[in-house]
Amino acid sequence: MGKLGEYIKSAIKQIIGNGYRTLMTMLGIVIGIAAVIAVVALGNGMTEFVQSQLNGIAGNYGIINIDTSKTSELFTQDDIELLETTLTDIKGVSPEISGYGKVTTRKGTYEANVSGGSESFLHQMSNGIVKGQYFTKQQVDSNQRVCVMLIDDARKIFGTEDAIGLELDITLYGKTATYTVVGLRESMNRMYEFLMEGQDYYANIEIPYTSMGADFDYYVEKFYSLMLFADQSILSDRVNEAKDLLTNIHGLRGTKALNGYSMADFSEELDSVLGYATSFLLLVSVISLVVGGIGVMNIMLVSVTERTREIGIRKSIGAKTGAIMTQFLAEAAILTLLGGIVGIIVGIIMAYIICTLIGFKVIVSPTSILGAALFSILIGLFFGLYPARKAAKMKPIDALRL
Amino acid sequence: MKKLVEIKDVCKIYNPGENEVRALDHVSLIIGEGEFVAIIGQSGSGKSTLMNMLGCLDTPTSGKYFLHGQDVSHMTDDEQSDVRNREIGFIFQGFNLIPSLTALENVELPLIYRGVGKKERENLSKAALNSVGLSKRMTHKPNEMSGGQQQRVAIARAIAQAPPILLADEPTGNLDSGSSKEIISIIKRLYNEGRTVIIITHDPGIAKQAKRIITISDGKIVSDMMNPDYVD
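The paragraphs below set out a description of the structure included in this document. The shown structure was predicted, so the numbers you read here are calculated from the model rather than taken from an experiment. (Residues numbered from 1 in each chain as written. Chains lettered and ligands numbered in written order. Predicted model: local features only at pLDDT ≥ 70, side-chain atom pairs only at ≥ 80, totals over all residues. Heavy atoms only, no water.)

### Things to note about the overall build of chain B
When helices and strands are tallied, chain B shows seven helices and ten strands. Counting only residues that meet the buried cut, chain B has 56% of its 232 residues in that class. Expressed as a percentage of contacts within chain B between residues at least 6 apart in sequence, the contacts between residues at least 24 apart total 68%. For chain B, the accessible area works out to roughly 9900 Å², and carbon and sulfur atoms hold 48% of it. (Helix = DSSP H or I, 4+ residues; strand = E, 2+ residues; numbered from the N terminus. Buried < 20%, exposed > 50% of the residue type's maximum accessible area, 1.4 Å probe, protein only. Contact = heavy atoms within 4.5 Å. Areas by Shrake-Rupley, 256 points an atom, 1.4 Å probe, with all protein chains shown as cover.)

### Focus on empty space enclosed by the protein
In this approach a probe as big as a water molecule rolls over the atoms, and the regions it shows empty are the leftover space. Residue and element names in this part refer to chain A. Summed over the entire model, instances satisfying the criterion amount to three cavities of 30 Å³ or more. Considering only enclosed or pocket space, the largest cavity measures out at about 90 Å³ in volume. Lining the largest cavity we find Gln14, Ile15, Asn18, Arg21, Thr22, Thr25, Ile299, Met300, Ser303, Arg307, Glu331 and Leu335. Going through the elements one at a time, helix 1 (2-17), helix 2 (19-58), helix 9 (263-306) and helix 11 (321-358) are the ones with two or more residues in the lining of the largest cavity. A per-class count over the lining of the largest cavity returns four nonpolar, five polar and three charged. (1 Å grid on protein atoms, 1.4 Å probe; cavity = no way out; pocket = protein on both sides within 12 Å on 5 of 7 lines; lining within 4 Å. Points joined across faces, edges and corners; volume = space filled by probe spheres on them. Nonpolar A, V, L, I, M, F, W, Y, C, P; charged D, E, K, R; others polar.)

### Thoughts on the packing of helix 11 of chain A against helix 12 (residues 366-392) of chain A
Residues and elements named next belong to chain A. Between helix 11 and helix 12, the least distance of the axes is 7 Å, while the angle of their chain directions is 150 degrees. It follows that helix 11 is roughly antiparallel to helix 12 by the angle criterion. Taken as a pair, helix 11 and helix 12 cross one another with a handedness that is right-handed. When its residues are assigned to classes, the contact of helix 11 with helix 12 shows 19 nonpolar, six polar and one charged. (Axes fitted to C-alpha atoms, helices over the stretch in contact; angles between N-to-C directions. Parallel < 35°, antiparallel > 145°, perpendicular 65-115°, else oblique. Left-handed = near helix turned anticlockwise from the far one by under 90°.)

### A few points about a negative patch on the surface
Residues and elements named next belong to chain A. Together, Asp265, Glu268, Glu269 and Asp271 make up a region of like negative charge exposed at the surface. In this fold, Glu268 is placed in helix 9. We classify Glu268 as exposed; its relative accessible area is 54%. (Patch = residues over 30% accessible without salt bridge, like charges linked within 9 Å, V, L, I, M, F, W, Y side chains within 5 Å. Salt bridge = Lys/Arg side-chain N within 4 Å of Asp/Glu carboxyl O. Lys, Arg positive; Asp, Glu negative; His and termini not counted. Charge placed at Lys NZ, Arg CZ, Asp CG, Glu CD.)

### Side note on the packing of aromatic side chains
All told, the structure shown has ten aromatic pairs over all chains when counted by the stated rule. Taking the centre distance of 5.3 Å and the plane angle of 5 degrees together, the rings of Phe90 of chain B and Phe92 of chain B count as stacked. For the pair shown, Phe90 of chain B and Phe92 of chain B are each scored as buried. One cation-aromatic arrangement involves Lys156 of chain A over Tyr201 of chain A; the distance from NZ or CZ to the ring centre is 5.0 Å. (Phe/Tyr/Trp six-rings, centres within 6.5 Å; stacked < 30°, edge-to-face > 60°. Lys NZ or Arg CZ within 6 Å of the ring centre and 35° of its normal.)

### Quick notes on the packing of helix 3 (residues 103-114) of chain B against helix 5 (residues 147-160) of chain B
Residue and element names in this part refer to chain B. Interaxial distance between helix 3 and helix 5 falls to 8 Å at its minimum, and their mutual angle equals 30 degrees. Classified by the angle their axes make, helix 3 and helix 5 are roughly parallel. Between helix 3 and helix 5 lies a crossing of right-handed hand. Between helix 3 and helix 5, the residues in contact are Ala103, Asn106, Val107, Pro110 and Leu111 and Val153, Ala156, Arg157 and Ala160, respectively. Class assignment of the residues belonging to the contact of helix 3 with helix 5 gives a composition of seven nonpolar, one polar and one charged.

### Points about the sheet that holds strand 4 (residues 62-67) of chain B
Each strand in a sheet pairs with another by means of backbone hydrogen bonds, the pair being arranged parallel or else antiparallel. Residues and elements named next belong to chain B. Taken in spatial order, the four strands line up as 2-1-4-5 in an open sheet, and their pairing is antiparallel. Among the strands making up the open sheet, the edge pair consists of strand 2 (21-32) and strand 5 (70-71). Sheet topology note: the strand 1 (residues 3-14)/strand 2 ladder contains eight bridges and is antiparallel. Counterpart to Ile7 in the pairing with strand 2 is Leu29. (Pairing = 2+ DSSP bridges.)

### Some remarks on helix 8 (residues 232-249) of chain A
In this model, helix 8 of chain A (18 residues) spans 26 Å end to end at C-alpha, consistent with the 26 Å of a helix rising 1.5 Å per residue. Looking one or two places after helix 8 of chain A, you find Gly251 of chain A, whose phi comes out positive at around 60 degrees. (Expected span 1.5 Å × (residues − 1).)

### What to know about the pattern of salt bridges
Side-chain pairs of opposite charge can arise whenever the charged atoms involved come near each other. Summed over all chains, the structure comprises 31 salt bridges over all chains. Salt-bridge contacts for Asp71 of chain B lead to Lys64 of chain B; the nearest nitrogen and oxygen are separated by 3.6 Å. For Lys126 of chain B, the salt bridge goes to Glu122 of chain B, with nearest N and O atoms at 3.6 Å. Here the residue Lys126 of chain B and the residue Glu122 of chain B both occupy positions in helix 4 (residues 118-131), the gap between them amounting to four residues, near one helical turn. Among the residues examined, Lys126 of chain B registers a relative accessible area of 32% and is labelled partly exposed. On the accessibility criterion, Glu122 of chain B (26% relative accessible area) is partly exposed. Overlapping salt bridges, with partners in common, bring together Arg307, Glu310, Arg314 and Glu331 of chain A in one network.

The analysis is restricted to geometry; functional conclusions fall outside its scope.
Okay, structure coming up:
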C-alpha cells in the first residue's frame, strides 16, 4: 500500500527532525536490548565454559550399577568382553574400584585416593598422557605393579616431572606394596583447581584393578559397577543399550536392579541449572526493556500533545482515524526499532568485552539478535498504541481550536 | 441551479442546561452550485460554528445538513473525514500548514489521504502551486515564506484535489492589505473558474467582494441578499 509508505516516510522525518529527543527516547530501548543481548551471550558463554571444563575434568563416561539389595547377581569379566564386542563404537569398559590410603615416596608420605581399573580406565579423564604411557592390557592381565598419576601430583609428591620409572609405596588397609610410575597425565584445568580449592591435598593414583585385588585384598572376580567410555554424543544411548544387554544376560528383567547414568545426563541437569540463572538475568533485562518502552510511550504522549494542531490539520483535510493512528504507531515502532538496532550493536560489543574479560567464549546467537529486534518493534507498537489512539480519536474541531 | 449545500433547521447548543449557549439557533440555508457567498457576522455571532458545520468539522445538536443531497449531519468520524477530503477545500485564517513539511508536501497531503498515486499526486500538486504563482517555492517550508505565500500554499492545498466547495475562514485575517488583495483576487479567480466559494468573515470590505452576502447574528440569519455592488 502506497499510503503506508507515506506514513513511514513522514514518521522518519519527524524522528530526524527531533534528533536530540529521539536519542534520549531511544536510550532506554538501547540499554534494554543491549542488556538482553549481552546477558544471553554471557549465559551461552558461561554454559559452554562450565561444560567444557567439566568434560575436561571428568571425561565422557557412564556408570552402570547393580543394586545389591534387589539381586545377588554381579558383573563379570565376561560382561565386559561382551559389551566391548557388541557396542563397537565405544572406547571401552572398565570395572572401577577405589580406596583411600597413603603413598610414600623418597620425598615423604601423602594422602592418596587409589583407583583400580582396566586399560580403558585411561578414558575416565579427558587429560591425555603427556609422559610415558598408560598401563596396557598385558600389564593389567599380569597384575603388574604399575601406576599413573597427574603430572601435578608427580611434581608434588616426587618434586619432579621426570617421574617415569620412579617407585612409590601404596598403603591401603594396612597393606603396603611398591608400584612403579609408567605414565603421567596432563595438568588439570581451572575448573578443577576451583573445585579443589581449600580441600586438603591428596594424590590421585590409578593402578590396574587386578594388582589392586592381589595386593590389597579387593575382590576382583566380580563387580557391582562398570564404567563405559564413549563420545558424549552417543554416550547416553550406549549406556542404555549396555544396561539392557546386562539386564537380559543376568535375567533381571522387571527388577530394576540395574541403574545406568552418564555424564551426559549430568550435563543436561547442569544445563537446566545454568538455564535458570540465564533466565533470571534475562528477566531483569526484559524489565529494563519494559521501562524503556514506558519511556517511549511518555515521549509519544508528549509528541501527541505538541502536535495536536497538526493532527487537527490532517484530520480537517481528510485523514481518517486509521491514518493518524498508523502515523503515530509507525513513529513509535521506528523509534524502538532504531533503538533496537543500536542496542544490538552495543550489546554485541558489551558481550565481547565482558566475555573476553572473564575468559568465556563469545557466543552471540542469531536468535537473540532477531528476537531482540522483533521485540523492540513490538514494544514500540504496544507502548505506541495508547498515544496513537489518543491522537486519532481527537475531534478535528477541538484539535484546531488551540 | 443545483443545490449543493442544504441546511435544515440546524441548532448547535454548547453546555446544554442552565448556561447553555445557542451558537446556532434554527438556521436554514441553501447554497447552490457555483455560488460565491460571504457569511458575515461579529465575533460570537455563530459564524465560526456555522463554518464548522458547513465544513463537516462538527455535528449539529439538531437539524440536518445535506451536502450534494447526502445527509452528512450524523456520520461517523471516518465518514466525515472522507466527505471533507472529497467535497471541501479549507482555507483557514492561520493557514494551518504543517511546519515540518515543504510547500509541495503540504499540498500533497490531502491527495495522500485520498490514495492518489505518487506521480499523479505530484503533478496535481505542482499544477495547483503553479496556479497560485508559487512554482518557485515548492521546496520551501512554511517558516521560510511570507504570510501571503503561506496562504497561497494553503489555497493550493485546498484546490489540488478539485473539491466542489472552497470554504475560507477569515482567509485574510492574518495578512497585510497587499497580500489580502492578492488572496482575494485568487479566490475570485477560482470562483470564476466554476468553483463554489464560501467566505466567512467579520470584515464588510471582504464580504463586499462576494456575490451573495449572508449576515448572521446571535446564531440566527438576519439577512440574506445578493450583493448589489458586485462586480465581475
